[in-house]
Amino acid sequence: MQDFVYNPPIEPFLDILFEDTEIMVVNKPSGLLSVPGRLPEHQDSIIKRIWQKYPLAMASHRLDMDTSGIMVVGLNKEAISSLGKLFEKKEVTKRYLAVVNGKIDEHGQIDLPIRCDLDNRPLQIVDHLQGKKSLTIYDKCSEYEVAKNIDGTNTSIVKLTPVTGRSHQLRLHLASIGHPILGDRFYSDETIQAKAPRLCLHAYLLEFKHPKTQELLHFEVLPNFLKLL
């Protein structure tokens, strides 16, 4: 982690799935921050790129830098406020796809409390005394296979539902039950990291009501580390 150099992908500059005067829905690539970091060299992000066209835009939720997938961004104060309330009330449906090491059970849930590892930020740890309640539901799926650049030996593809939304929740939860995500530089060893050129975690589904029209919007995008059978 100490040798990490931020080098976010440039193309496409923004992969826009939907855009109107209220919101923008984008497919964030792995390796790009959701919002600007504190350091000058960490400013490039989804939000900063959107600011070039919509200077009032603000993220209502975030994805880890290493995680790819669908994000919705409010473009004005009213939309930002409405989206924030949807996420706060848990009226947004989010689903993830991941490739994990080992043969995982067909179905299951991971109920382990999480807190920040104060001595090793930004890592998180399971702490049964001081951690916040965190719940993940997973289902093994068989309709996909890994891409050619992924070592799929002794792995499983899973759909993940984060009931809570803690930082690094999916990554830590899966590692904690012995099934770390391929390519995870935080919660797996070098062998598992080497199985993929990136973290194999992707927010593939997002569903919510449009903040102005109240139309139910549904988006799905398959990650580049998977393909349909």
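It should be noted that the structure appears before, not after, this text.
Quantities reported herein were computed from a predicted structural model and do not represent experimental measurements.

Chemist: How would you sum up the side chain of Glu22? Please name residues and give values.
Modeler: Its place among the elements puts Glu22 in the loop between β1 (16-19) and β2 (23-28). With a relative accessible area of 10%, Glu22 lands in the buried category. Within the structure, the side chain of Glu22 is placed 3.4 Å from the side chain of Thr21, a separation counted as a polar contact. Polar side-chain contacts of Glu22 include one of 3.1 Å to the side chain of Asn76. Apart from the residues within four sequence positions on either side, Glu22 is in contact with Val73, Gly74, Leu75, Asn76, Ala79, His210 and Lys212.

Chemist: Quick rundown of the pattern of salt bridges? Include the residues and the values.
Modeler: On inspection of all chains with the given rule, the structure shows 11 salt bridges. Salt-bridge contacts for Glu19 lead to Lys53; the nearest nitrogen and oxygen are separated by 2.8 Å. Highlighted residues: Glu19 in strand β1 and Lys53 in the loop between α1 (46-51) and β3 (58-59), separated in sequence by 34 residues. Note on Glu19: relative accessible area 30%, which makes it partly exposed. Accessibility expressed as a relative area gives 55% for Lys53, which makes it exposed.

Chemist: For the nonpolar core, give the residues involved together with the corresponding values.
Modeler: The biggest cluster of nonpolar side chains holds 48 residues, and the ones touching the most others in it are Ile50 and Leu160. Residue assignment for this core shows that the elements contributing at least two residues are β2, α1, β4 (68-74), β5 (93-101), β10 (144-146), β11 (155-162), α3 (169-176) and β12 (201-209). Ranked by the residues each element gives to this core, the list is headed by β5, at five residues. Those residues in contact with Ile50 that lie beyond four places of it in its chain are Leu14, Met24, Val26, Ala57, Val73 and Leu75.

Chemist: Describe the environment of Asp117, and please don't skip the residues or the numbers.
Modeler: Mapping Asp117 onto the fold places it in the loop between β7 (114-116) and β8 (124-126). As for Asp117 and His42, which are separated by 75 residues in sequence, their C-alpha atoms are 22 Å apart. Look past the residues within four positions of Asp117 in its chain and what remains in contact with it is Leu123, Gln124 and Ile125.

Chemist: Which residues make up the pairing of β2, and what are the values?
Modeler: On a regular strand, each side chain points to the face opposite its neighbour's, so the side chains alternate between the two faces of the sheet. Counting buried positions along β2 yields six of six residues, so the element is predominantly enclosed. Side chains Ile23, Val25 and Asn27 project from β2 onto one buried face, and the interleaved Met24, Val26 and Lys28 project onto a second face that is buried too. Here three bridges tie β1 to β2, and the two strands are oriented antiparallel to one another. Each residue of the ladder has a partner; that of Glu19, found in β2, is Met24. Note: β2 against β4, six bridges, orientation antiparallel. Bridging across to β4, Val26 finds its partner in Met71.

Parameters at a glance
- Residues numbered from 1 in each chain as written.
- Predicted model: local features only at pLDDT ≥ 70, side-chain atom pairs only at ≥ 80, totals over all residues.
- Heavy atoms only, no water.
- Helix = DSSP H or I, 4+ residues; strand = E, 2+ residues; numbered from the N terminus.
- Buried < 20%, exposed > 50% of the residue type's maximum accessible area, 1.4 Å probe, protein only.
- Polar contact = N/O pair within 3.5 Å; in protein donor to acceptor, adjacent residues only side chain to side chain.
- Contact = heavy atoms within 4.5 Å.
- Salt bridge = Lys/Arg side-chain N within 4 Å of Asp/Glu carboxyl O.
- Core = buried A, V, L, I, M, F, W, Y, C linked by side-chain atoms within 4.5 Å.
- Pairing = 2+ DSSP bridges.

As far as function goes, none of this settles anything; it's purely spatial.
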